[in-house]
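Here is how the chains run, residue by residue.
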Amino acid sequence: MRIAWTLSINNIRRKLFRSFALILLVLCLSFAVFAGGMTIMSLQKGLNSYTARLGADVIVVPNNATSHGAVDDIFLQGITGNYYMSGRDIQKIYGIEGIEAISKQFYLTSAKASCCSSRVQIIGIDPETDFSIQPWIQDTYQGKMGMGDIIVGANINVPLSRTLRFYGNDYYVVAQLSRTGTGLDSAVYTNMATIKEMAANSVTLLDTDAFNSVNIDTAASAVLIKVKKNKDAETVADDINIHITKVEASSSRSMIASLMSGLSGVSRVIGILTGIIWILALVILMTVFMMISNERQKEFAILRISGASRKILFEIMSMEALLISSIGAVLGILIGLVIVVPSASILSGMLQLPLLMPGLMAMIMMIIGSFALALLATLIPALWSAHKMTKSETGLLLREDA
Amino acid sequence: MKLVAQKISRQFFRNSQNTNVFEAVKETDFVLEEGKISVIVGRSGGGKTTLSNMLCGLLMPSSGKVFLDECDLYALSDDERSKIRNQYIGIVPQGQTGLSSLTVLDNVLVPVMMYGDPETKKEEAMTLLYRLGIDDLANVYASDLSGGELRRMAIARALINNPEIIFADEPTGDLDDETTQIVFQLLRELADSGHSVLMVTHEKDALEYADHVFEMKNGVLL
Ligand SMILES: Nc1ncnc2c1ncn2[C@@H]1O[C@H](COP(=O)(O)OP(=O)(O)O)[C@@H](O)[C@H]1O
Ligand SMILES: [Mg+2]
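Just so we're clear, the structure is a prediction, and the values are computed from it rather than from any experiment.

Notes on the overall build of chain A
The helix and strand inventory of chain A stands at twelve helices and nine strands. In chain A, of all internal contacts separated by at least 6 residues, the share reaching a separation of at least 24 is 79%.

In structure tokens form, the structure reads like this:
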């Protein structure tokens, strides 16, 4: 053991180019495995948390909500907008067959908020009927939202006073939600009565008719529908689209299906790429080890003369490989952490998919996994070359010309 | 310790026109006596190194046996035989054999590092280096040494575990006359104190120090 340690440390220190090249290779490998794995896990977690939370089979928005874009945004990113349908149209939805539960949502963009420089999306829900947002809210807040209470997303800055100002009134923040990785993190939630008050205030304060003459009291921005067990969501959506002209209904299954296939496609590509990189690194490391085996062969012969058994030669090879791959893997994973974690939101925007960093446990598992893969990729070629070099007895003899 | 070889021979496989088997050492007996220096002379390619490798436990004979006292060397496992080489057999190989990433002192201590604690032998190592005239190079890396210095380092390395049997394959090949004499004298002293020494050499001077002289020609020991 002593010889393995002394020789490895000194070989790494003294054969700088060789060690540097090997460490760099392992670094790239562990970075690729770690970053790739983290991205897949983040995508999966983001999507899972989002779809699980949404819970609606059909979403209905007004026609003027830029046709399809609005539904996409709600589904994929949790981004809402200022579009409204009248109480009359909504009433018609209640008449459609096959509906199990129905809940209205009212969206409002604040013109100027005291909380943050950017505009904030306010989402009004009906606590009596809501099945989409409340289950998620309940993770952090079990109480009942009263008049004037608001709950804010993870990205909203909550001042010490715990109040945010909207259209001349202060609203009290009763809770802050956990991160979702979607636009919902930048939204503010409240009940219908409160958001209607805000909406009415906005009209008087700004003196505009942002609501297109729609009656604020009965209007809504979106209607979320849960379909009866034996009913098909597509059929319900089609029914709505046929019978009510001013709204557009989309089934979540069709959305999620395309989203899921998109995600699994991305995951598969990342997975395959990571696998290819691993195999490539293995092949390169095999080649490198083969290339340096001439030099090593003489080293082995010298050690052999001094009484090294094959076992000791293997120990030396393993120790050096382990040291080199540990250094490379630690650096690669550190760089991965520094790069991947902060760029999650950028990546999320690029892929147009919700992305959520995995939890600490999952992260630790990823670190251990990437570390093990990097170690393996070095250890396999090292042991393979050690095996080749020690296989024949004459191969371990000093050669005349050496 | 007594080293006895019984009817050992060694063949190598190599591609040639007539036959693929080449007999580097033809069947021979050999006894290495305690307290004596045995010298093998002969032309290059005669099989001296091959014979010496078989005797010191590095190369299994194609036939025959090698005994160290009562112990049949090649009946042992690689682990056991390696440990015996480490403890009882000191080998000064042909050519230049330094581990370039270690210092001279660490190179000398390599045999100690394998099965023990090198700290305990540091002083002895320095004494050996002093005798061989390279103690001032103790902390220099082997990659910076000349051929003659490397050779002396290899001699110190072979002697560090105070082995009872010493093999030296052309140990004075790249040494000047003065150092050559130092090495021969050192081997003589070791033999006189009971060690068995086998030396392969071209040097005529070596014969003065020899107790037994053998000649090796085309694989035959005369
Ligand atoms: N590993 C080997 N494979 C094939 N031939 C070998 C091997 N080792 C030595 N020989 C051959 O055996 C012969 C004797 O070599 P060697 O013992 O080194 O001679 P010497 O030490 O007397 O110069 C040479 O012809 C050499 O080419
Ligand atoms: Mg020779």
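After that view, the rundown keeps rolling.
Regarding the nonpolar core
Within the largest apolar cluster, 112 residues are counted, with the highest numbers of intra-cluster contacts made by Leu303(A), Leu51(B), Leu55(B) and Phe167(B). Top contributing element to this core by residue count: helix α10 (residues 310-340) of chain A, with nine residues. When neighbours within four sequence positions are excluded, Leu303(A) is seen to be in contact with Ile3(A), Leu7(A), Ala308(A), Leu313(A), Ile316(A), Leu99(B), Val110(B) and Met114(B). Ranked by size, the runner-up nonpolar core spans 23 residues in total, among them Ile125(A), Ile133(A), Ile151(A) and Leu184(A).

Side note on a negative patch on the surface
Together, Glu33(B), Glu34(B), Asp69(B), Glu70(B) and Glu164(B) give the surface a local cluster of negative charge. With respect to the element layout, Glu33(B) can be found in the loop between β2 (21-32) and β3 (37-41).

Overview of the interface of chain A and chain B
Taken residue by residue, the interface counts 27 residues in chain A and 38 residues in chain B. Here chain A meets chain B over a buried area of about 2700 Å², counting both sides, of which 56% is carbon and sulfur. For Asp78(B), the salt bridge is made with Arg310(A), and the minimal N-O distance between the two is 3.4 Å. Inspection of the chain A/chain B interface yields 13 residue pairs in polar contact (both at pLDDT 80 or more). Looking at the side of chain A that touches chain B, the elements that each hand over two or more residues are α1 (2-14), α9 (293-305) and α10 of chain A. Considering every element that reaches the side of chain A that touches chain B, the biggest residue donor is α1(A), with eight residues. The class makeup of the residues in the side of chain A that touches chain B is nine nonpolar, seven polar and eleven charged.

Focus on the packing of aromatic side chains
In the structure shown here, the tally under the stated rule is five aromatic pairs over all chains. On the numbers, 6.1 Å between centres and 35° between planes, the contact of Phe166(A) with Tyr171(A) is tilted. Between the aromatic rings of Phe184(B) and Tyr209(B), the centroid separation amounts to 5.4 Å while the plane-to-plane angle is 45°, which identifies the pairing as tilted. Residue Phe184(B) is found in helix α6 (residues 177-192), and its partner Tyr209(B) is found in helix α7 (residues 206-209); the two are separated by 25 residues along the sequence. This pair shows no difference in class: Phe184(B) is buried, exactly as Tyr209(B) is. Across the ring face of Tyr141(B), the terminal group of Arg14(A) is positioned such that the distance to the ring centre comes to 3.5 Å.

Looking at helix α5 (residues 147-159) of chain B
For α5(B), spanning 13 residues, the distance from its first C-alpha to its last is 19 Å, which sits close to the expected 18 Å at 1.5 Å a residue. Most of α5(B) sits out of view: twelve of its 13 residues are buried. Three or more residues of α5(B) are buried, namely Gly147(B), Gly148(B), Leu150(B), Arg151(B), Arg152(B), Met153(B), Ala154(B), Ile155(B), Ala156(B), Arg157(B), Ala158(B) and Leu159(B). Summarising the contacts, the buried residues of α5(B) are in contact with α9 of chain A together with β6 (89-92), α3 (104-115), α4 (122-131), β7 (165-169) and α6 of chain B.

Overview of the sheet that holds strand β6 (residues 169-176) of chain A
Residues and elements named next belong to chain A. An order of β5-β6-β4-β7-β3-β2-β8-β1-β9 is seen for the nine strands of this open sheet, with the pairing classed as mixed. Each edge of the sheet is formed by a strand with only one pairing partner; in this case those strands are β5 (163-166) and β9 (247-251). Pairs of neighbouring strands in the sheet enclose a mean axial angle of 30°, with direction left out of account. Bridge analysis of strand β1 (residues 58-62) against strand β8 (residues 222-227) gives three bridges, and the strand direction is antiparallel.

Regarding the site of ligand 1
Around ligand 1, 14 residues are found, and the nearest of them are Gly45(B), Gly47(B), Lys48(B), Thr49(B) and Thr50(B). Chains contributing residues to the immediate surroundings of ligand 1 are chains A and B. With respect to ligand 1, the backbone of Gly47(B) contributes an N or O atom lying 3.0 Å from an oxygen atom. With respect to ligand 1, the backbone of Lys48(B) contributes an N or O atom lying 2.9 Å from an oxygen atom. Protein contacts shield 74% of the accessible area of ligand 1, which totals 560 Å² for the unbound molecule. When contributions to the shell around ligand 1 are tallied by element, the ones reaching two or more residues are β2 and α1 (48-55) of chain B. The dominant element in the shell around ligand 1, judged by the number of residues it contributes, is α1(B), at three residues. A class-by-class count of the residues in the shell around ligand 1 yields three nonpolar, seven polar and four charged.

Concerning unusual backbone geometry
The phi dihedral of Tyr167(A) falls on the positive side, at around 50°, and the residue is not glycine. Its location among the elements puts Tyr167(A) in the loop between β5 and β6. Even without glycine at this site, Asn162(B) takes up a positive phi of about 50°.

Concerning the sheet that holds strand β5 (residues 71-72) of chain B
Residues and elements named next belong to chain B. Taken together, the four strands give an open sheet; going across it, the order is β2-β1-β4-β5, and neighbouring strands pair in antiparallel fashion. Two strands in the sheet have a free side with no partner beyond their single neighbour: β2 and β5. As paired elements, strand β1 (residues 3-13) and β2 share eight bridges and run antiparallel to each other. Within β2, the position partnered with Ile-8 by the bridge is Thr-28. Running at roughly 125° to β1, α1 makes contact with β1, β2 and β4 (63-68) of the sheet.

Side note on empty space enclosed by the protein
Residues and elements named next belong to chain B. Tallying each qualifying case throughout the model produces five cavities of 30 Å³ or more. Put simply, the largest cavity is a space of about 180 Å³. Elements that contribute at least two residues to the lining of the largest cavity include exactly α1, β6 and β7. The class makeup of the residues in the lining of the largest cavity is eleven nonpolar, four polar and three charged.

Here we look at the pairing of β1(A)
Residues and elements named next belong to chain A. The buried fraction of β1 amounts to five of the five residues, a majority that puts the element mostly inside the structure. Burial of β1 is two-sided: the residues Val-58, Val-60 and Pro-62 facing one way and the residues Ile-59 and Val-61 facing the other way are all buried. When β1 meets β9, the two strands line up antiparallel, connected through five bridges. Opposite Val-61, over in β9, you have Glu-248 as the bridge partner.

A closer look at the coordination of the magnesium ion (ligand 2)
Taken together, Thr49(B) (OG1) and Gln94(B) (OE1) make up the full set of protein donors to the magnesium ion (ligand 2), lying 1.9 to 2.5 Å away. Here Gln94(B) lies in the loop between β6 and α3 and Thr49(B) lies in helix α1, a separation of 45 residues in the sequence.

Criteria and cut-off values
- Residues numbered from 1 in each chain as written.
- Chains lettered and ligands numbered in written order.
- Predicted model: local features only at pLDDT ≥ 70, side-chain atom pairs only at ≥ 80, totals over all residues.
- Heavy atoms only, no water.
- Helix = DSSP H or I, 4+ residues; strand = E, 2+ residues; numbered from the N terminus.
- Contact = heavy atoms within 4.5 Å.
- Core = buried A, V, L, I, M, F, W, Y, C linked by side-chain atoms within 4.5 Å.
- Buried < 20%, exposed > 50% of the residue type's maximum accessible area, 1.4 Å probe, protein only.
- Patch = residues over 30% accessible without salt bridge, like charges linked within 9 Å, V, L, I, M, F, W, Y side chains within 5 Å.
- Areas by Shrake-Rupley, 256 points an atom, 1.4 Å probe, with all protein chains shown as cover.
- Salt bridge = Lys/Arg side-chain N within 4 Å of Asp/Glu carboxyl O.
- Lys, Arg positive; Asp, Glu negative; His and termini not counted.
- Charge placed at Lys NZ, Arg CZ, Asp CG, Glu CD.
- Buried area = accessible area lost by both parts, 1.4 Å probe.
- Polar contact = N/O pair within 3.5 Å; in protein donor to acceptor, adjacent residues only side chain to side chain.
- Nonpolar A, V, L, I, M, F, W, Y, C, P; charged D, E, K, R; others polar.
- Phe/Tyr/Trp six-rings, centres within 6.5 Å; stacked < 30°, edge-to-face > 60°.
- Lys NZ or Arg CZ within 6 Å of the ring centre and 35° of its normal.
- Expected span 1.5 Å × (residues − 1).
- Pairing = 2+ DSSP bridges.
- Axes fitted to C-alpha atoms, helices over the stretch in contact; angles between N-to-C directions.
- Near = heavy atom within 4 Å.
- 1 Å grid on protein atoms, 1.4 Å probe; cavity = no way out; pocket = protein on both sides within 12 Å on 5 of 7 lines; lining within 4 Å.
- Points joined across faces, edges and corners; volume = space filled by probe spheres on them.
- Donors = N, O, S within 2.8 Å, 3.2 Å for Na, K, Ca; no water.

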